[in-house]
Structure formats: structure tokens, C-alpha cells
Amino acid sequence: MPFVLKRTDQVALIRDLTYEYANLMVAAYFDLNGQPPWRTNCDDAFILGCRKIGDFLTTDTNNRKDDDVLAMDYLPPTARRSWNLPIWRVKWRNEMNKYLTHITYQRAEDRDAKGLPHWEHTVWVPPLRDEFNKAWWDFRDSVTDGAFCAEFDKQLSEREARPEFKMVNLKRL
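The present account deals with the structure reproduced in this document. (Residues numbered from 1 in each chain as written. Predicted model: local features only at pLDDT ≥ 70, side-chain atom pairs only at ≥ 80, totals over all residues. Heavy atoms only, no water.)

1. A closer look at the packing of aromatic side chains
For the structure shown, the criterion picks out 17 aromatic pairs. The interplanar angle of 70 degrees and the centroid separation of 6.1 Å between the aromatic rings of Trp136 and Phe152 together place this pair among those described as edge-to-face. Residue Trp136 is located in helix 4 (residues 121-142), and its partner Phe152 is located in helix 5 (residues 146-161); the two are separated by 16 residues in the primary sequence. Across this residue pair, the class does not change: Trp136 and Phe152 are buried. (Phe/Tyr/Trp six-rings, centres within 6.5 Å; stacked < 30°, edge-to-face > 60°. Helix = DSSP H or I, 4+ residues; strand = E, 2+ residues; numbered from the N terminus. Buried < 20%, exposed > 50% of the residue type's maximum accessible area, 1.4 Å probe, protein only.)

2. Topic: the side chain of Ser142
Relative to the assigned elements, Ser142 resides in helix 4. When its relative accessible area of 19% is taken as the criterion, Ser142 is described as buried. For Ser142, the side chain forms a polar contact with the side chain of Ser82, separated by 3.3 Å. Those residues in contact with Ser142 that sit more than four places away from it in its chain are Leu75, Pro76, Ser82 and Trp83. (Polar contact = N/O pair within 3.5 Å; in protein donor to acceptor, adjacent residues only side chain to side chain. Contact = heavy atoms within 4.5 Å.)

3. Quick notes on the layout of surface pockets
Looking at the largest pocket, its volume works out to about 490 Å³. Taken together, 18 residues form the lining of the largest pocket, with Lys52, Asp55, Phe56, Asp68 and Val69 sitting closest to its centre. Sorting the residues of the lining of the largest pocket by element identifies helix 1 (7-33), helix 2 (38-58) and helix 3 (86-101) as the ones contributing at least two each. Ranked by the residues each element gives to the lining of the largest pocket, the list is headed by helix 2, at six residues. (1 Å grid on protein atoms, 1.4 Å probe; cavity = no way out; pocket = protein on both sides within 12 Å on 5 of 7 lines; lining within 4 Å. Points joined across faces, edges and corners; volume = space filled by probe spheres on them.)

See the structure below:
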């Protein structure tokens, strides 16, 4: 049975979308400011969050997998994506597929010889955090439906008020 997009589901899922965005920003914060050993867990949470929000923001509707929620679902049908995630897309998305969800022999490759970057959280988290923050807010600025806008604003305000998100700026950097 083909996937059918329902407006009521779209509105309901804004809660989850704002949670995932807020969680990504909190993971970045603690990845950079946390103490070992849990800082390492935040690094994994950050990378996973990049994957989730990256897929949400950059997947086109014609490439939808099953019932994935996509940013383009919240824009007018003729709208075009005004945001991009170049660092994530070009340097890390495919790499992290192997590192995040698989234990592969690719990890043993000589990354220097192949010209591939090494994951170093202090180097890569700040620019990726900023890139995702900008893309999120460019997406949010592109949402024009009044009900969607109101729900995004409400849910983000609720996230900002929660203790687990209070210490992190969820606004545009």
C-alpha cells in the first residue's frame, strides 16, 4: 500500500522534529563540553542526530524511503530547498554510514593515503553544529503554512523550557 501523507500526522510529528533538532544541539554541546567517558556517548549521539536531521532536511520526496518524514513535506509543492549541508553531505554522511551502523573493514583503510578526513570531534563538531543550525533555520524560514509555523514555534518553545535543553541555545546561531 503506498504511503499517504496526512496533514494531522504532519502537525503531530512537528513535536518529534523539534525534539530531534534540540537533541542534536544538546549532543553537540556535551560532545564539546562534557567529561569523559560520557562525552564519547554524546559524540555518537551527535553523529546519529546529524544522520537523522540530515536525511530529513536533504532527502527529496521522490527518494522517500517508506514513510520517512521530510522537510519538503512542510513546504509548498513548488518550493525549492534553500539550505544545504555541504560538510555533512560531502565529507561525512557516507563515511558515517559505515562507522555508525556497521563495523566494517573500511575502518582499517589508510584514510590519509585516500585523502579522507579523520573524525576528530573538536575539529568537526563545531562546523557541523553550525551547518545544521543554519540549515534548520533556513528550513523553518521556508515553512509558510500558518498551522505548521505555529506548531513549530510552540514545540520549540516547549523544548527550550525543558531542563535537558535549557543550557543550549536552540535559536539561530
